[in-house]
There are 2 protein chains.
Amino acid sequence: MINVSVLGYGTVGSGVVEILKENADLITKRAGEEIRVKSVLDLRDFPGDPVQDMIVHDFEEIKNDPDVQIVVETMGGVHPAYEFVKASLESGKSVSTSNKALVAAYGPELLEIAQEHNVNFLFEASVGGGIPIIRPLKISLAPDEILEISGILNGTTNYILTEMTNNGSAFDTVLKDAQDKGYAEKDPTADVEGYDACRKIAILTSLAYGKQLDFEDIYTEGITKITDRDICYAKKIGAKVKIFGSSKKVGDKVSAMVAPKLITSEHPLYSVDGVFNAILVKGNMVGDVMFYGQGAGKLATASAVVSDVIDEAKHVNVNMRTLWDHEKLALMPMDEVKSKFFVRVKGTKDEVQEQAAKLFGKITAVDAGFDDEFGFVTEEITEAVYEQAAKEMEIINKIRFDA
Amino acid sequence: MINVSVLGYGTVGSGVVEILKENADLITKRAGEEIRVKSVLDLRDFPGDPVQDMIVHDFEEIKNDPDVQIVVETMGGVHPAYEFVKASLESGKSVSTSNKALVAAYGPELLEIAQEHNVNFLFEASVGGGIPIIRPLKISLAPDEILEISGILNGTTNYILTEMTNNGSAFDTVLKDAQDKGYAEKDPTADVEGYDACRKIAILTSLAYGKQLDFEDIYTEGITKITDRDICYAKKIGAKVKIFGSSKKVGDKVSAMVAPKLITSEHPLYSVDGVFNAILVKGNMVGDVMFYGQGAGKLATASAVVSDVIDEAKHVNVNMRTLWDHEKLALMPMDEVKSKFFVRVKGTKDEVQEQAAKLFGKITAVDAGFDDEFGFVTEEITEAVYEQAAKEMEIINKIRFDA
């Protein structure tokens, strides 16, 4: 029998308890042993809830419980999650977490502690919710040098952009609707500004190269500037606007960013709509592989957490090596990163086309029927070239064009 | 240092040797140990090839080599692959294979032998080529009861159907072209009759439920009867024809089949075209997850084989339990399986519509502009009802409609 303690009885934590109960028989079979929840840490009490008698208010109780072999951390936030996870690992307990903020900030340190204590620190649920991506990236793609990762990593923003595309609605209207439906938080900043996706691409990229990519170093642009006019232009060129967390090997460096991008129907992630997430990984041997599913939600995310718990139950006192050093990954300066850009500038086509071509190089005009502005797509240019040229014109908006 | 022996220096086998050489540095890092090919079994010699000095003609030499810890089986076919794999496992060597015929026929026995000898028998490459699907199904989806698996599991037939759809060409023309391009074998039977997909869905379904589903018991229908007229009808209803290997939990039984199906753009696999493969798995907790990539090809398939080799190198003398018993999976009789059917019958609409409705129940006519026949879609009916009704009319073709 394996005893589990769950830290935080919120959405994901209660999902973990539910899955371990509902699917108990098959989980016992697959793990080779019964896995049961022994205690649940929460500041609140839950009278009438199945866990009411398991609630513990003091983490020390769990840390000092020799029966607890696996700790599930679903509290969210960096502190005190970090202190609790660290103490759990140091007490010889394996940890499974859904906490992307924790993993992005302290991944290498916690993995090192787990290795020292011959236990495991797993975090499948920290990226892509229920989509198996961390384990496939670590194990299934281990033979491959990773050339590129492109992910639709945030369901809230993908939902908003999908609705804007399908209904021509404005950003604010769709955000309000998403909040009403519970798809977006009251304070949507982390989602719409790309901070959530940024931590996720930091984790994936660090794992792909075995070195630390600090999320603070990743250029991050949200979707708040995307308007219905951008969507009109996108449709004109047969494209959709999606926000990507992406990274790419360029020589001996890696470029990384979070930004809205235009993609056409040729792109494997073109049809990933609504709250769904998907991650495309390009390996130097396997080519393109893609993983798709529910990027959030109680049971989908909890399923990923429980997959880690089962794996840990099968690896008691055996550390499964995860390569993710403290050493910093060599990041390509954003200035040098190359993209095509879709650009909208003030002024009529006649007034500004010539100047745009002089500044941005070869451009292709896009006519979406607006008389007071001029839209065009550049060839592949560096961010530095874009920035320099943009200074000379009245830019309304720009979106990178992944084609 | 881990020594590997490769049985069969064909397409996949030579890909394995290439990957272990080309990506040696990162594989050493990820495996925690150097992995090198020590010997290659083949009847032929390969003068001038990097493996020329490793070639061995007698399997006994490999079996009796105490230095060889991992055997890669990429010979294909059931015999002597079965005898060689069995002997390897009994000699305490782990085995990684790409051989779907072997795994479908002898999976439970070979897994049992591996467990007895504390080694591993892995077969990621046997389904979906380079797509990580076996390991995610076994480990990432371990918390879930699997409700449904739907896979585009054969690149050759998906390529043929895609070309028929895009260019309106006839089956024979596209097959010939696919053979010329090397996408189809000279003898295309195993692909176009669905036998290849049948073994793959047998493996996936057996793993999903931990019991043996014999591929011989799976209803299997190929794509040789699909004509350009079927494609016209498909387009009329906004659908594509794809051949699926699929299985589904219905009560305490599982239904399984290989058959062409019509799917609309709502289906997550609608845009999986050309030689690509994709597998959709529905779990009772995680919901829909989808895996996509190159279902065949030298390096993609070899990458999957090498991922197993690395996993085995990390699990020396530790059997990773795989649940797949000899016990037979309770298969739902095909008669009871329910589908919607798209049906084409001889005669004009006026002549046969009434009779069709009498026989098949509520139907929806589809007009693709052919005067000498009548096309319609039924509601969901059992195979038995379909068969009974079909006897009474002159059926030109039928395709199940997954909508």
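The rules behind each value
- Within each chain, residue numbers correspond to sequence positions counted from 1 in written order.
- Each chain gets a letter, beginning with A, and each ligand a number, beginning with 1, in the order they are written.
- Owing to the predicted nature of the model, reporting of local features is limited to residues with pLDDT of at least 70; listing and counting of side-chain atom pairs is limited to 80 or more, with chain, interface and lining totals taken over all residues.
- The side-chain values count all of the structure's non-hydrogen atoms but skip hydrogen atoms and water molecules.
- Strands are treated as partners if at least two bridges between them are detected by DSSP.
- Here a helix means four or more residues in a row that DSSP labels H or I, a strand means two or more in a row labelled E, and each is numbered from the N terminus.
- Residue contacts follow a heavy-atom distance rule, with two residues in contact if any of their heavy atoms lie within 4.5 Å.
- Each axis is a line fitted through C-alpha atoms, and for a helix only the stretch in contact is used; angles between axes span 0 to 180 degrees, taken between their N-to-C directions.
- Counted as salt bridges are all cases of a side-chain nitrogen of Lys or Arg within 4 Å of a carboxyl oxygen of Asp or Glu.
- Where each domain starts and ends comes from a domain assignment, either automatic or drawn from a database.
- By buried area we mean the combined loss of accessible area, with a 1.4 Å probe, across both parts when two parts are placed together.
- Throughout this description, a polar contact denotes any pair of N or O atoms lying within 3.5 Å of each other; where both atoms belong to protein, one of them has to be capable of donating a hydrogen while the other can accept it, and for residues adjacent in sequence the pair is counted only when both atoms sit in side chains.
- When residues are sorted by character, Ala, Val, Leu, Ile, Met, Phe, Trp, Tyr, Cys and Pro go into the nonpolar class, Asp, Glu, Lys and Arg into the charged class, and all the rest, Gly among them, into the polar class.
- What is meant by a nonpolar core is a set of buried Ala, Val, Leu, Ile, Met, Phe, Trp, Tyr and Cys residues, joined one to another through side-chain atoms within 4.5 Å.
- Buried means the residue's accessible area, taken with a 1.4 Å probe over protein chains only, is under 20% of the maximum for its type, while exposed means over 50%, and partly exposed covers the values in between.
- The scheme is simple: roughly parallel for angles under 35 degrees, roughly antiparallel for over 145, roughly perpendicular for 65 to 115, oblique for anything else.
- Crossings are assigned a handedness: left-handed for a near helix turned anticlockwise from the far helix by less than a right angle, right-handed for a clockwise turn.
- The superposition of copies rests on a least-squares fit of C-alpha positions from residues with pLDDT of 70 or more in both.
- This arc corresponds to the set of directions leading from the helix axis out to the C-beta atoms.
- UniProt positions are given in the numbering used here, feature names are shortened, and annotations may be inferred rather than shown by experiment.

S.K.: For this particular structure, what's the right way to read the sheet that holds strand β1 (residues 2-7) of chain B?
M.R.: Within a sheet, adjacent strands bond to each other through the backbone by hydrogen bonds, running parallel or antiparallel. Residue and element names in this part refer to chain B. The six strands lie next to each other as β3-β2-β1-β4-β5-β6, forming an open sheet whose pairing is parallel. Two strands lie at the open edges of the sheet, namely β3 (55-56) and β6 (121-122), each paired on one side alone. Direction of pairing for strand β4 (residues 68-73) relative to strand β5 (residues 94-97): parallel, over a ladder of four bridges. Looking across to β5, one finds that Val72 is bridged to Ser96. Packing against the sheet, helix α1 (residues 11-22) makes contact with β1, β2 (35-41) and β4, and its axis sits at approximately 155° to β2. Packing against the sheet, helix α4 (residues 81-90) makes contact with β1, β2, β4, β5 and β6, and its axis sits at approximately 150° to β5.

S.K.: Sorry, what's going on with the pattern of salt bridges here?
M.R.: Any two side chains of opposite charge can pair, on the condition that their charged atoms come close. Within the structure shown, the criterion is met by 56 salt bridges over all chains. A single network of salt bridges, built from pairs that share partners, joins Arg229, Asp230, Arg344, Asp372 and Glu373 of chain A.

S.K.: Would you mind going over the environment of Asn277 of chain A with me for this structure?
M.R.: Residues and elements named next belong to chain A. Tracing the backbone shows Asn277 in strand β11 (residues 276-283). For the pair Asn277 and Ala31, spaced 246 residues apart in sequence, the C-alpha separation works out to 28 Å. Contacts of Asn277, omitting those with residues within four sequence positions, involve Gly128, Ile131, Ile152, Leu153, Asn154, Gly155, Val272, Phe291, Tyr292, Gly293 and Gly295.

S.K.: Whenever I open this one, the sheet that holds strand β4 (residues 68-73) of chain A confuses me. Can you help?
M.R.: All names here are of chain A. Reading across the sheet, the six strands line up as β3-β2-β1-β4-β5-β6 and stay open at both edges, with parallel pairing between neighbours. Two strands close off the open sheet at either side, each with one partner strand: β3 (55-56) and β6 (121-122). The sheet contact formed by strand β1 (residues 2-7) and strand β2 (residues 35-41) spans six bridges and is parallel. Its bridge partner lying in β2, Asn3 is registered against Arg36. Of the strands in this sheet, β1, β2 and β4 touch helix α1 (residues 11-22), which is tilted by about 155° from β2.

S.K.: Mind showing me how you'd approach the domain arrangement of chain A here?
M.R.: Interfaces are often described in size by the accessible area the parts lose on coming together. Residues and elements named next belong to chain A. Split by domain assignment, chain A resolves into domain 1 (2-129 + 299-313), domain 2 (134-294) and domain 3 (335-401). Here the C-alpha centroids of domain 1 and domain 2 sit 27 Å apart. The partner domain 2 presents 15 residues to the 16 residues of domain 1 that form the contact. Approximately 1400 Å² of surface area, both sides summed, lies buried where domain 1 meets domain 2, with 63% of it carried by carbon and sulfur atoms. Across the domain 1-domain 2 interface, the total number found is four salt bridges. Close ionic contact of Arg135 with Asp308 constitutes a salt bridge, the shortest N to O distance being 2.7 Å. Where domain 1 packs against domain 2, one counts seven residue pairs in polar contact (both at pLDDT 80 or more). Only α5 (100-116) and α12 (298-313) provide two or more residues apiece to the side of domain 1 that touches domain 2. Here the side of domain 1 that touches domain 2 takes five residues from α5, the largest share from any one element. Among the residues forming the side of domain 1 that touches domain 2, the class breakdown is eight nonpolar, four polar and four charged.

S.K.: Looking at this model, I keep getting lost on the nonpolar core. Mind explaining?
M.R.: If you look at the biggest cluster of nonpolar residues, it comprises 163 residues, and the most contacted ones within it are Phe121, Ile160 and Val281 of chain A together with Phe121, Ile160 and Val281 of chain B. The residues touching Ile160 of chain A, leaving out its near neighbours within four places in the chain, are Phe171, Val174, Leu175, Ala178, Val192 and Ile223 of chain A.

S.K.: What exactly am I supposed to notice about the packing of helix α5 (residues 100-116) of chain B against helix α10 (residues 195-209) of chain B here?
M.R.: In a packed pair of helices, the relevant descriptors are the angle between the two axes and the axis-to-axis distance. Residues and elements named next belong to chain B. Put simply, α5 and α10 touch, their axes get as near as 9 Å, and they point 45° apart. What the angle tells us is that α5 and α10 run oblique. Handedness of the α5/α10 crossing: left-handed. From α5, Lys100, Ala101, Val103 and Ala104 reach across to α10, where they touch Asp196, Arg199, Lys200 and Ile203. A breakdown of the residues in the contact of α5 with α10 according to their chemical character gives four nonpolar, no polar and four charged.

S.K.: Can you walk me through the relation of the copies chain A and chain B in this structure?
M.R.: Related by rotation about an axis and a shift along that axis, the two copies of the chain form a pair. Placing chain A over chain B gives an RMSD of 0.0 Å and needs a rotation angle of 180°, together with 0.0 Å of translation along the axis. Such a combination of rotation and displacement between the chain copies is what one expects of a two-fold axis. Scanning chain A for the C-alpha nearest the rotation axis identifies Phe291 of chain A, at a separation of 2.5 Å. Here 100% of the contact residues of chain A are again contact residues in chain B; the copies associate through an equivalent surface.

S.K.: Even after reading the chapter, I still don't get the interface of chain A and chain B, so can you show me in this structure?
M.R.: Listed as interface residues are 47 residues of chain A and, on the opposing side, 47 residues of chain B. With both sides pooled, the region where chain A packs onto chain B buries about 3900 Å², and carbon together with sulfur makes up 59% of that total. Among the residues of chain A in contact with chain B, Arg30, Pro143 and Met285 of chain A are the three that bury the most area, contributing 17% of the side total. Between the two partners, chain A and chain B, sit zero salt bridges. Across the chain A-chain B interface, the total number found is 21 residue pairs in polar contact (both at pLDDT 80 or more). Secondary structure elements with two or more residues in the side of chain A that touches chain B: α1, α2 (24-31), α6 (134-140), β12 (287-294) and α12 of chain A. Broken down by element, the residue count for the side of chain A that touches chain B peaks at eight residues, all from β12 of chain A. For the side of chain A that touches chain B, the class distribution of residues is 25 nonpolar, 12 polar and 10 charged. Inspection of the sheet shows β12 of chain A paired to strand β12 (residues 287-294) of chain B by five bridges, in the antiparallel sense. Across the sheet, the residue bridging to Val289 of chain A is Gly293 of chain B, located in β12 of chain B.

S.K.: Looking at this structure, how should I read helix α11 (residues 228-236) of chain A?
M.R.: The periodicity of an α-helix, 3.6 residues per turn, causes residues three or four positions apart to be oriented the same way. All names here are of chain A. Looking only at α11, the buried set comprises Asp230, Ile231, Tyr233 and Ala234. Mapping the buried residues of α11 onto a view down its axis gives an arc of 160°, with all of them on the same face. Immediately beyond the C-terminal end of α11, within one or two residues, lies Gly238, with a positive phi of roughly 65°.

S.K.: Which parts of the structure should I look at to understand the UniProt feature "domain: Aspartate/homoserine dehydrogenase NAD-binding" (unreviewed entry) in chain A?
M.R.: Cross-referencing UniProt, the feature "domain: Aspartate/homoserine dehydrogenase NAD-binding" (unreviewed entry) maps to residues 8-124 of chain A in the present numbering. A helix fraction of 44% and a strand fraction of 18% characterise residues 8-124 of chain A, whose end C-alpha atoms lie 17 Å from each other.

S.K.: I tried to follow the environment of Val306 of chain A on my own but got confused; where do I start?
M.R.: Structurally, Val306 of chain A can be placed in helix α12. A C-alpha to C-alpha distance of 9.2 Å links Val306 of chain A and Val17 of chain A, two positions 289 residues apart in sequence. Once residues lying within four places of it in the same chain are set aside, the contact partners of Val306 of chain A are Val16, Ile19, Leu20 and Ile27 of chain A together with Pro143 of chain B.

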